[in-house]
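So you can see what is in the structure, the chains are spelled out below.
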Amino acid sequence: MNDMRTMDNAVLNETKITARDVHVHYGTTHAIKGVDVDIADRTVTAFIGPSGCGKSTFLRCLNRMNDTIPGAVVTGEIKIDEADIYDPRVDPVQLRAKVGMVFQKPNPFPKSIYDNVAYGPKIHGLARNKAELDEIVEKALRRGAIWDEVKDRLHAPGTGLSGGQQQRLCIARAVATEPEILLMDEPCSALDPIATAQVEELIDELRQNFSVVIVTHSMQQAARVSQRTAFFHLGNLVEYGETGKIFTNPEDSRTESYISGRIG
Amino acid sequence: MQRLAAGLDAAVARGTLTNAAARDLPPEALRAQMASQGVALGSDVTPATRDAALHWRRISGTGDLARGIAVIGLALAGAAWGIRRARPDFRARNAVERAMRGVLISAALIAILSTVGIVLALVFNTIEFFRLYPAAEFFFGTTWSPSFGGGSELGILPLLWGTLYISLIALLVAVPIGLFAAVYLAEYAHRNVRAWAKPMLEMLAGIPTIVYGLFALLTVGPLLVEAFGRGGWLGLGWMQGGTAVMTAGLVMGIMLIPFVSSLSDDIINAVPQSLRDGSLGLGATRSETIRQVVLPAALPGIVGAVLLAASRAIGETMIVVLGAGAAARLSMNPFDAMTTVTAKIVSQLTGDADFSSPEALVAFALGMTLFVITLALNVVALWIVRRYREQYE
Amino acid sequence: MTDIPQSGAFPADRPAPKGGSLLVTDARTKKRNRAERRFKAYGIAALGIGMLFLVALLWAILSNGLTAFTQSYVQLDVPLLEEKLDKDGDRDPAKIAKVSTFGYAPLIEQALTDLVERTGVETELAPKALTKILSSSAAAQLRDRVLANPELIGQTVSVELLASSRVDGYLKGRVSRASLARDKNLDAEHLDLIDAWRDAGLVEKRFNWDFITGADASDSRPEQAGIGVAMLGSLFMMLVVLILSLPIGVAASIYLEEFAPQNRLTDLIEVNISNLAAVPSIVFGILGLAVFIQFMHLPQSAPLVGGLVLTLMTLPTIIISTRASLKSVPPSIRNAALGVGASKMQAVTHHVLPLAMPGILTGTILGLAQALGETAPLLLIGMVGYIATNYPEGVAEGFLAPNSAMPAQIYEWAKRADPAFYERAWGGIIVLLVFLLAMNLIAVLLRRRFERRW
């Protein structure tokens, strides 16, 4: 695959997110057990691991989406650009504008395509007038690699698109608020192979502007799109390193077992 | 007459009268005799009634005998048929089950039967009414003044106006409160709060309407008069008496809160969590998410819920009978007493109404109107709600 | 929803440029957070108002109705003079029975005058006026007592007689001296007597069993009115509803849920049921009047007819809840039964139905509770309150003789002119609500006890 290309520019970028000793409890469940990780800017970082290993939970810590789940307690330190996002002074609303998120199932709002994309910029007040908003929407749709398909029907409902188009619309919606980090929670699990290929191609392009963190349980996908890979198992971060290395020469025996299909 | 016959039966049974004596007793003495047997008769017994009663006794006696013979005969015939049919290759289970299935189907048909009953009862009597009173004057008349002596004016408009006005006030109370309560319970409230607040609110729906009627008549009405009446706290003098559109509307609104909130709560919960996550993930606050994503998505269902509540308000009887007053008038002042279709159905049909007079029959025409309006609202509302549910299934 | 920040979609000042610290909340976010708090406050307020209404309703019921459960009685020593009640002195019950209540009234007058003297209260009231202290049923009460026990004649017996509703109201704080100024039924002088006698322990309030077990009384005797007979009327109606609606409802649900083919007829039945559930109750009253009374000539005001009408009203509720509980029995149970050679009918009656039974009963109880509180249709078939003055004799009478029902009795009291009846109406509501609460409690317990997770 494209291991060779990922090798060269992965290491160059500076650190965007630093997590130290992160624990998550859901009621009595200890879901994340002391995770330390540094995520680089303008890089695609993949979280892999068997179901229930905590990779999605950890992802949701990065934009404090866990706050919306009653009973979830997060301890430890997560810094984005040197600011602790669990500091009481941080408003999660403001944080989430900076850390966008794309979900497992495409979830366009029951609104027009245009309104779906304009939703974020409107609530964050990113446009001064209609022309600017139009511009933002168009730019986002182009970045979402869906502009050509929908430019003639911007006011058609977003729910009328195909699954792959819907997911790219959701990506466009997320990038429209100009985030610095994009979190993707198994973005292709509900898509067919062709749509998956389109979304993966898009993810690779997004690397130019954003720091992308993607959770996936397809190891092939992790190998295809990411430069760095973190392997989670039972709430622990087992191994973290460059994607090529993880897949060809893992240090931990559990990683090797998972990759070779013996666990998970 | 039947009472007399029953009384005679009792008397004969107790041995105070013999059959022969009953036949010979003068009619005047019968009443006294019956009274002593504990059978009160409304009027003096005429010879004709006495004879009728005696005849009744005779034929019902014959009837009893005939019934006995018929039952025994049927039983014997059944037994014979059963013995004849009992062969090794006869699948009794199948026959029994066919019969049982027939019973089940007829039970299910009772639902249709009662609808047919409602429609027939309403239609026949309404036609009868329109024979005596012109339909155009009923539907477009602006005066409602029935008098059993004749010369009534029976225009439905003042009643419809009262009904709609009260329902409107009720919805103005119930929809915002119910909807906001539902939003809070569905989106904000902690599980524990929800666990006790929801059943508490639903208690309001379990309280019989007569209780609300009494509450309107004896508590809310006087309270409103103290506020809005002559020499009240606000010194406005808008209200003449405790019974008014406002009284009934306000209390009906309280009754409807749980209808709106329960249905809306279900509907809001049916909005997929992924939409909320999507909006929150973009950095929207909870209220922005609710107003701009959840409520628009839930809107059709909420409209259905409001229509159901409206149909409930229009058909509500006890609150308006006790709380709204009896005067049929077309007025804009919500502090005036007005009356409704349902209240007038009650007042035209209670008491010793003569069912052939237009003043009594008009109740059936009112009932027909009420039935058609509420049915239309229900059909539309249920259709909307069902389509909404399918959308997210 | 006035503060949708849509108007602020195009602000003049752009937010802090990218890279602004997360630790500083910008102005726009602050504004949005305020809107958020406001919105949440609306929700809490709405919920609070709803709760407030509930509390106000319960408070109105309890504060006005609890007093109906106590009643004032006057302790009186009445001389049962032989020359008035039994001139011949032979204690012949037939002759004693001929003495009407008018024969007893002077004795009571006499006893009251004696009591005034004995307690030494100064009063200018004539002996005749004194009787206003007592219920107008006092003479009848005394007569009943003598008829039950003729041996009392000639003695002076100590009896407790019902005080009149005004006196009762005074002792309960409902009637004040000021309000008596416009009332010709009682004067302030009477109240002086009452005050004196209360201190002497001759007038007292006691728990009012007669309210719970008694019959309705005429307009002039609110102190005597009870809800017992109407309660019995309700009971007979509920029996009719239960006997009819449970089997029919269950049978209809089984057919629709387990056997019905997907065709027009089934659709028609389904649409019908869901719409019937929302037909105003008064329309069912019209149905009952036209079909059961006008057409089938069943007796007016009879609990049987009321029960039939309420059955038709309750059926949709029962069918809907029964179908839900049948649906919750997993198909694996049916398949298991069918797999060992049971017929479809056997699978349903032997396996599915017993498992669904708790749910069905819960739904039935809730349906009955709803029917128990229903008033409007009863008014149309003549089950109004004032006929609930006698207990039915026997079970057949219970179904067929004219009677009222609790809610209709409450309505009747609410309509009467004398405010003393309002206390009875509120009290009746408490009785009704106790029944409803008990039924709901049973339903909840049933659900808890048999709740199953598949």
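Residues numbered from 1 in each chain as written. Chains lettered and ligands numbered in written order. Predicted model: local features only at pLDDT ≥ 70, side-chain atom pairs only at ≥ 80, totals over all residues.

Describing the overall build of chain C
Line of reasoning, step 1. The number of helices and strands found in chain C is 20 helices and 3 strands.
Line of reasoning, step 2. Once the C-alpha set of chain C is aligned to its principal axes, its extents read approximately 105 × 75 × 40 Å.
Line of reasoning, step 3. Looking at the 454 residues of chain C, the share that counts as buried comes to 43%.
Line of reasoning, step 4. Contacts in chain C between residues at least 24 apart in sequence constitute 76% of all its contacts with a sequence separation of at least 6. (Helix = DSSP H or I, 4+ residues; strand = E, 2+ residues; numbered from the N terminus. Buried ≥ 20, exposed ≤ 12 C-beta atoms within 10 Å, placed from the backbone. Contact = placed C-beta atoms within 7 Å.)

Looking at the overall build of chain A
Line of reasoning, step 1. On a plain count of helices and strands, chain A comes out with 11 helices and 10 strands.
Line of reasoning, step 2. Across its three principal directions, the C-alpha atoms of chain A cover 55 × 45 × 35 Å.
Line of reasoning, step 3. For chain A, with 264 residues in total, the buried portion stands at 53%.
Line of reasoning, step 4. In chain A, 70% of the contacts between residues at least 6 apart in sequence involve partners at least 24 apart.

Some remarks on the pairing of strand β3 (residues 44-48) of chain A
The side chains of a regular strand alternate between the sheet's two faces.
Residue and element names in this part refer to chain A.
Line of reasoning, step 1. For β3, a buried count of 5 out of 5 residues is recorded, marking the element as mostly surrounded by other parts of the structure.
Line of reasoning, step 2. Because side chains alternate across β3, one face comprises the buried residues Val44, Ala46 and Ile48, and the other comprises Thr45 and Phe47, equally buried.
Line of reasoning, step 3. One ladder, built from 4 bridges, connects β3 with strand β8 (residues 211-215); its direction is parallel. Considered in β8, the bridge of Ala46 is made with Ile214.
Line of reasoning, step 4. As defined by bridge partners, β3 adjoins strand β9 (residues 228-233) across 4 bridges and the pair is classed as parallel. Following the sheet pairing, Thr45 is matched in β9 by Arg228. (Pairing = 2+ DSSP bridges.)

Section: the nonpolar core
One recurring pattern in soluble globular proteins is that nonpolar side chains are buried together.
Line of reasoning, step 1. Core analysis: the largest hydrophobic core is formed by 280 residues, its most contacted members being Leu214(B), Val251(B), Val260(B), Ala309(B) and Ile286(C).
Line of reasoning, step 2. Per-element tally for this core: the top contributor is helix α7 (residues 157-188) of chain B, with 19 residues.
Line of reasoning, step 3. Beyond its immediate stretch of four places on either side in the chain, Ile286(C) contacts Ala121(B), Leu122(B), Ile345(B), Phe364(B), Gly367(B) and Leu380(C).
Line of reasoning, step 4. Ranked by size, the runner-up nonpolar core spans 32 residues in total, among them Tyr73(C), Tyr104(C), Ala111(C) and Leu162(C). (Core = buried A, V, L, I, M, F, W, Y, C linked by C-beta atoms within 7 Å.)

Let's talk about the sheet that holds β9(A)
All names here are of chain A.
Line of reasoning, step 1. Reading across from one edge, β6-β7-β8-β3-β9-β10 is the order of the 6 strands in this open sheet, with mixed pairing throughout. The open sheet terminates on both sides in strands that have one partner only, identified here as β6 (99-102) and β10 (236-242). Strand-to-strand twist across the sheet, computed as the mean angle between neighbouring axes with direction ignored, equals 15°.
Line of reasoning, step 2. In the packing of helix α7 (residues 163-175) onto the sheet, contacts are made with β6 and β7 (181-185), and the angle to β6 comes to roughly 170°. (Axes fitted to C-alpha atoms, helices over the stretch in contact; angles between N-to-C directions.)

Focus on the environment of Tyr26(A)
All names here are of chain A.
Line of reasoning, step 1. Among the structural elements, Tyr26 can be located in strand β1 (residues 15-26).
Line of reasoning, step 2. Distance in space between the C-alpha atoms of Tyr26 and Leu191 is 30 Å, their sequence separation being 165 residues.
Line of reasoning, step 3. If near-sequence neighbours (up to four positions away) are discounted, Tyr26 is found in contact with Ala31, Gly71 and Ala72.

Things to note about the interface of chain C and chain B
Line of reasoning, step 1. Listed per partner, the contact involves 68 residues of chain C and 69 residues of chain B.
Line of reasoning, step 2. Contributions of two or more residues to the side of chain C that touches chain B are made by α1 (27-65), α11 (228-259), α12 (264-276), α13 (281-295), α14 (303-327), α17 (376-380), α19 (406-415) and α20 (420-450) of chain C.
Line of reasoning, step 3. Among the elements that take part in the side of chain C that touches chain B, α1(C) stands out by supplying 18 residues, more than any other.
Line of reasoning, step 4. Tallied by class, the residues present in the side of chain C that touches chain B amount to 53 nonpolar, 12 polar and 3 charged. (Nonpolar A, V, L, I, M, F, W, Y, C, P; charged D, E, K, R; others polar.)

Quick word on the domain arrangement of chain C
Line of reasoning, step 1. On domain assignment, one finds that chain C holds domain 1 (71-207) and domain 2 (228-450).
Line of reasoning, step 2. One C-alpha centre belongs to domain 1 of chain C, the other to domain 2 of chain C, and the line joining them spans 46 Å. (Domains from an automatic or database assignment.)

Brief notes about the interface of chain B and chain A
Line of reasoning, step 1. With 15 residues of chain B at the interface, the matching set in chain A holds 22 residues.
Line of reasoning, step 2. For the side of chain B that touches chain A, the element with the highest residue contribution is helix α11 (residues 273-281) of chain B, accounting for 6 residues.

Remarks on the packing of α7(B) against helix α12 (residues 286-315) of chain B
Residues and elements named next belong to chain B.
Line of reasoning, step 1. α12 packs onto α7 with a crossing angle of 145° between their chain directions and a minimal axis gap of 10 Å. Remark: the crossing between α7 and α12 carries right-handed chirality. Here Thr163, Ser167, Ala170, Leu171, Ala174, Val175, Leu179, Val183 and Glu187 of α7 lie close against α12, whose contacting residues are Arg286, Ile290, Ile302, Val306, Ala309, Ala310, Ala313 and Ile314.
Line of reasoning, step 2. Residues that form the contact of α7 with α12 fall into these classes: 13 nonpolar, 2 polar and 2 charged. (Left-handed = near helix turned anticlockwise from the far one by under 90°.)

Some words on the sheet that holds strand β2 (residues 29-40) of chain A
Strand pairing in a sheet takes place through backbone hydrogen bonds and is either antiparallel or parallel in direction.
Residue and element names in this part refer to chain A.
Line of reasoning, step 1. Read across the sheet, 4 strands follow the order β2-β1-β4-β5 without closing on themselves; strand pairing throughout is antiparallel. Strand pairing shows two members of the sheet lacking a second neighbour, β2 and β5 (83-84), which therefore form its edges.
Line of reasoning, step 2. As paired strands, β1 and β2 are joined by 9 bridges and run antiparallel to one another. By the bridge assignment for β2, His23 is matched with Lys33.

Quick look at the environment of Gln104(A)
All names here are of chain A.
Line of reasoning, step 1. The topology assignment puts Gln104 in the loop between β6 and α4 (113-124).
Line of reasoning, step 2. C-beta crowding within 10 Å serves as the criterion here: with 17 such atoms nearby, Gln104 is assigned to the partly exposed category.
Line of reasoning, step 3. When the C-alpha positions of Gln104 and Ala190 are compared, they lie 6.9 Å apart, and in sequence the two are 86 residues distant.

With respect to the environment of Gly178(B)
Residues and elements named next belong to chain B.
Line of reasoning, step 1. By secondary structure assignment, the location of Gly178 is in helix α7.
Line of reasoning, step 2. When the C-alpha atoms of Gly178 and Val260 are compared, they prove to be 5.2 Å apart, with 82 residues separating the residues in sequence.
Line of reasoning, step 3. Ignoring anything within four residues of it in the chain, the contact list for Gly178 reads Ile257, Val260, Ser261 and Ser264.

Remarks on the UniProt feature "transmembrane region" (unreviewed entry) in chain C
All names here are of chain C.
Line of reasoning, step 1. What UniProt calls "transmembrane region" (unreviewed entry) maps, in this numbering, to residues 41-62, 227-256, 276-296, 302-320, 352-373 and 425-446.
Line of reasoning, step 2. For the annotated span residues 41-62, helix accounts for 100% and strand for 0% of the residues, and the straight-line distance between the end C-alpha atoms is 31 Å.
Line of reasoning, step 3. Each end of residues 425-446 is marked by a C-alpha atom, and these two atoms are 31 Å apart; helix forms 100% of the span and strand 0%. (UniProt positions renumbered as here; feature names shortened; annotations may be inferred.)

Notes on the packing of α11(B) against α12(B)
All names here are of chain B.
Line of reasoning, step 1. Contact pair α11 / α12: the axes reach a minimum separation of 10 Å and the direction vectors enclose 155°. Accordingly, the angle class assigned to the pair α11 and α12 is roughly antiparallel. Relative to α12, α11 is oriented so that their crossing is right-handed. Between α11, through Leu275, Arg276, Ser279 and Leu280, and α12, the contact on the second element is made entirely by Thr289, Val293, Val294 and Ala297.
Line of reasoning, step 2. When grouped by side-chain class, the residues that make up the contact of α11 with α12 number 5 nonpolar, 2 polar and 1 charged. (Parallel < 35°, antiparallel > 145°, perpendicular 65-115°, else oblique.)

As for unusual backbone geometry
Residues other than glycine predominantly adopt negative phi, and peptide bonds predominantly adopt the trans conformation.
All names here are of chain A.
Line of reasoning, step 1. The phi dihedral of Asp81 falls on the positive side, at around 50°, and the residue is not glycine.
Line of reasoning, step 2. Mapped onto the fold, Asp81 is located in the loop between β4 (72-80) and β5.
Line of reasoning, step 3. On the neighbour-count criterion, Asp81 (17 C-beta atoms within 10 Å) is partly exposed.
Line of reasoning, step 4. One non-glycine residue, Glu186, adopts positive backbone phi at about 45°.
Line of reasoning, step 5. When you line up the elements, Glu186 lands in the loop between β7 and α8 (193-206).

Observations concerning α13(C)
Residues and elements named next belong to chain C.
Line of reasoning, step 1. The end-to-end C-alpha distance of α13, which contains 15 residues, comes to 20 Å, matching closely the 21 Å that a straight helix rising 1.5 Å per residue would cover.
Line of reasoning, step 2. Of all 15 residues in α13, 13 are buried, a share of seventy percent or more.
Line of reasoning, step 3. Backbone geometry just after α13 places His297 at a positive phi near 55°. (Expected span 1.5 Å × (residues − 1).)

A few points about the pairing of β6(A)
All names here are of chain A.
Line of reasoning, step 1. What you see with β6 is no split at all: Val99 and Met101 on one side and Gly100 and Val102 on the other are buried throughout.
Line of reasoning, step 2. With 4 bridges connecting them, β6 and β7 associate as parallel partners. Each bridged residue has a counterpart across the sheet, and for Val99 the counterpart in β7 is Ile181.

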